[in-house]
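Residue strings, one per chain:
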Amino acid sequence: MAAVIAANLAQDSLQNLLGHPEIHFDNCAFDAARARIATLRDRVAASSDPAQQWRAFGALTHTAQDFYSHSNYVALWVERHGGYERTRPDEIDGLDETLLSCPELRTAYFRFWWDVLYHLPGRSIFRRLVPPRPDSHEAMHLDGPERGPAFPYSVVAAEQRTRFEYEQALSLLRGRVVEGAVARFHDKAP
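Quick caveat: nothing in here was measured; it's all calculated off a predicted structure.

Tallying secondary structure elements over the protein chain gives twelve helices and zero strands in all. Each helix and strand of the protein chain, placed in order from N terminus to C terminus, yields the pattern α-α-α-α-α-α-α-α-α-α-α-α. Taking 190 residues into account, the globule formula puts the C-alpha radius of gyration at 16 Å, and the protein chain, at 18 Å, falls close to it. On the principal axes, the C-alpha backbone points of the protein chain span a range of 60 × 40 × 25 Å. Sorting the 190 residues of the protein chain into buried and exposed places 46% on the buried side. Long-range contacts, defined as pairs at least 24 residues apart, comprise 63% of the intrachain contacts of the protein chain with a sequence gap of at least 6. Of the side chains in the protein chain, 21 bear a positive and 25 a negative charge, and the two mean positions are spaced by 2 Å.

This is how it looks when you write it as structure tokens:
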């Protein structure tokens with residue numbers, strides 16, 4: 001688990017933030033992000049080395065989880081189900097196919113040098129003078145509880161997607177002819 005978490009967190013390196021919207025489901029790079037997830041899922045299944053599998057799975061889960069905190073998925077789901085006053089975070093369906101293919105679905109645009117300005121000292125003055133664009137990462141992201149009532153919904157949806165991806169990985173591993181593939185992925189001797 002520690003290796004998976006470390007690989008997940010490593011996706012937020014400066015190297016991965018610049019020019020790689022597919023890693024973070026940013027810039028409406030839906031096709032590239034989905035392709036990345038599929039490629040990493042295939043790496044989990046193709047490798048016989050658990051360390052490589054864990055790195056691939058950690059990277060995969062980062063991308064999948066960022067979708068919910070970097071998109072308007074939660075806002076669309078909450079709106080379609082009556083608003084925050086009529087829903088609870090544990091009710092969200094993070095795998096709702098109608099929303100995952102909804103034409104109104106958008107992800108945040110990350111413009112590194114611009115978004116960084118909102119995190120420098122004196123940012124409240126900067127924010128008042130130059131409010132973030134509505135489609136910017138700064139305006140849309142749900143990366144912490146301070147982001148308001150949508151944050152717990154994004155966490156639940158990301159957890160659902162993580163479980164889904166875990167089951168997908170296990171299914172691929174079970175389909176391999178290599179004996180003990182699932183046991184090795186779970187760090188247990190076959």
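Turning to the side chain of T87, a few remarks are in order. Here T87 is to be found in the loop between α6 (73–80) and α7 (97–100). Under the relative-accessibility criterion, T87 is labelled buried at 7%. Separated by 2.9 Å, the side chain of T87 and the backbone oxygen of G83 make a polar contact. Among the polar contacts made by the side chain of T87, one reaches the side chain of Y153 at a distance of 2.7 Å. The contact partners of T87, leaving out residues within four places of it in the chain, are W77, V78, H81 and Y153.

Rules of the game
- Each chain carries its own residue numbering, running from 1 in the direction its sequence is written.
- Local features in this predicted model are restricted to residues whose pLDDT is 70 or higher, and side-chain atom pairs enter the listing and the counts only when it is 80 or higher, whereas totals over whole chains, interfaces and linings include all residues.
- Only hydrogens and water are removed before side-chain values are computed, so all heavy atoms of the structure are retained for them.
- Helix and strand definitions follow DSSP, with helices as H or I runs of at least four residues and strands as E runs of at least two, each counted in order from the N terminus.
- Values of the radius of gyration come from C-alpha atoms, whereas the globule rule sets the reference at 2.2 Å times the count of residues to the power 0.38.
- Think of it in three bands: residues with accessible area under 20% of the maximum for their type are buried, residues over 50% are exposed, and the middle band is partly exposed, with areas taken using a 1.4 Å probe on protein chains only.
- The criterion used for residue contact is that any of the two residues' heavy atoms lie within 4.5 Å.
- In this tally, Lys and Arg are treated as positive and Asp and Glu as negative; His is ignored, and so are the chain termini.
- In this description, the location of a charge corresponds to atom NZ of lysine, CZ of arginine, CG of aspartate or CD of glutamate.
- Polar contacts, as used here, are pairs of N or O atoms within 3.5 Å; protein pairs need one atom able to donate a hydrogen and one able to accept it. Residues neighboring in sequence count only if both atoms are side-chain atoms.

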